[in-house]
Amino acid sequence: VSLVHVNERLGLPFDGAHIARRLKDQRPDVVCLSFGSNHAWAAEQVARLAQEHLPDVPVVAGGIHATLDPEQCLGWRGVDLVGVGEMDDFRLVRVLEDLTQDRWPGPEAGFWYRRDGKPVRSPMPAPVPLEGGPRRMDLSLFDHRRIIELKRGYADAISGRGCPFGCSYCHNDALRERYLRDLGCARSELNYVRK
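What counts as what
- Residues numbered from 1 in each chain as written.
- Predicted model: local features only at pLDDT ≥ 70, side-chain atom pairs only at ≥ 80, totals over all residues.
- Heavy atoms only, no water.
- Core = buried A, V, L, I, M, F, W, Y, C linked by side-chain atoms within 4.5 Å.
- Buried < 20%, exposed > 50% of the residue type's maximum accessible area, 1.4 Å probe, protein only.
- Helix = DSSP H or I, 4+ residues; strand = E, 2+ residues; numbered from the N terminus.
- Contact = heavy atoms within 4.5 Å.
- Disulfide = S-S within 2.5 Å.
- Pairing = 2+ DSSP bridges.
- Right-handed = clockwise from strand over helix to strand, strands pointing away.
- Patch = residues over 30% accessible without salt bridge, like charges linked within 9 Å, V, L, I, M, F, W, Y side chains within 5 Å.
- Areas by Shrake-Rupley, 256 points an atom, 1.4 Å probe, with all protein chains shown as cover.
- Salt bridge = Lys/Arg side-chain N within 4 Å of Asp/Glu carboxyl O.
- Phe/Tyr/Trp six-rings, centres within 6.5 Å; stacked < 30°, edge-to-face > 60°.
- Polar contact = N/O pair within 3.5 Å; in protein donor to acceptor, adjacent residues only side chain to side chain.

If you look at the biggest cluster of nonpolar residues, it comprises 30 residues, and the most contacted ones within it are Leu33, Phe35 and Val82. If you list the elements that add at least two residues to this core, you get helix H1 (16-26), strand S1 (31-34), helix H2 (40-53), strand S2 (59-62), helix H4 (70-74) and helix H7 (172-183). Counting residues per element, this core draws most heavily on H2, at six residues. Those residues in contact with Leu33 that lie beyond four places of it in its chain are Ala43, Val46, Ala47, Val59, Val60, Ala61 and Gly62.

All right, on to the state of the cysteines then. Applying the stated criterion across every chain, the model contains zero disulfides. There is no disulfide at Cys32, and the cysteine sulfur nearest it, in Cys73, is 14 Å away. On the accessibility criterion, Cys32 (40% relative accessible area) is partly exposed.

Burial of S1 is one-sided: the residues Val31 and Leu33 facing one way are buried, the residues Cys32 and Ser34 facing the other way are not. Strand direction decides the pairing type here: S1 and S2, joined by four bridges, are parallel. Bridging from a neighbouring strand, Cys32 pairs with Val60 of S2. In terms of handedness, the path from S1 via H2 over to S2 forms a crossover that is right-handed.

Once that is clear, we can look at a nonpolar patch on the surface. A cluster of nonpolar residues, Val1, Met137, Leu139, Leu141 and Phe142, forms a patch on the protein surface that exposes about 540 Å² of accessible area. Note on placement: Met137 falls in the loop between strand S5 (118-120) and helix H6 (144-150). Among the residues examined, Met137 registers a relative accessible area of 60% and is labelled exposed.

Let us look at the pattern of salt bridges. Applying the stated criterion across every chain yields a total of 13 salt bridges. The salt bridge partner of Glu52 is Arg77, with a shortest N-O separation of 3.3 Å. Here Arg77 lies in the loop between H4 and strand S3 (81-83) and Glu52 lies in helix H2, a separation of 25 residues in the sequence. Under the relative-accessibility criterion, Glu52 is labelled partly exposed at 39%. A salt bridge links Arg178 to Asp182; the shortest N-O distance between them is 3.1 Å. Placement of both Arg178 and Asp182 in helix H7 is noted, with a separation of four residues, approximately one turn of the helix.

Of the two faces of S2, the one holding Val59 and Ala61 and the one holding Val60 and Gly62 are both buried throughout. Taken together, the two bridges between S2 and S3 define a ladder with parallel strand orientation. Directly across from Ala61, in S3, lies its bridge partner Val82.

All told, the structure shown has four aromatic pairs when counted by the stated rule. Judged by centre distance (5.1 Å) and plane angle (65°), the rings of Phe14 and Trp41 are edge-to-face. With Phe14 in the segment before H1 and Trp41 in helix H2, this pair connects stretches of sequence that are 27 residues apart. Of the residues examined, Trp41 reaches a relative accessible area of 44% and is grouped as partly exposed.

Another aspect to go through is the side chain of Arg91. With respect to the secondary-structure elements, Arg91 resides in helix H5 (residues 91-100). Given the relative accessible area of 12%, Arg91 is considered buried. Side-chain polar atoms of Arg91 contact the backbone oxygen of Glu86, separated by 3.1 Å. In this structure the side chain of Arg91 is engaged in a polar contact, spanning 2.8 Å, whose partner is the backbone oxygen of Ala126. With sequence-adjacent residues up to four places away left out, Arg91 is seen in contact with Glu86, Phe111, Pro125, Ala126, Pro127 and Val128.

Encoded structure:
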């Protein structure tokens, strides 16, 4: 597993030629893109670069933008799969295992893709439960020391998921509504805010 953390403050601004070289040099088995709406333009370009330079490598789009607008992301040149919802709890791992066996994900997996030119859409899976002990995440690919230096010694810590508020500028309302629609459940059954 390798990471290209595109971030101008970390010394890696978006540069299509540099990213294309990294893709060709590393020859990944799959390219996964995680992005918000503010970086969708860059993700679309990376998907196109991946298709041009690694035409047999699947490209998976994910993150909040892909979750809220999977139709758009599935329409991008180079994108093979679009993950909707949270991809931890081994959801992404299971799909990557499927891809190594030349299988496409099942309808319960929370992925959109095309089969015979037609879109296959699966509903967003329920939010990942956080109870049951500590969750292990390997964050060693990130340059934490440099990130903390750039933030003048501050580090972010997130102790939960979801938000009880409905600020007009935030994605939480749209995400919560998407869960309710896809899961067909009442708001009280959703378990959106988790600690």
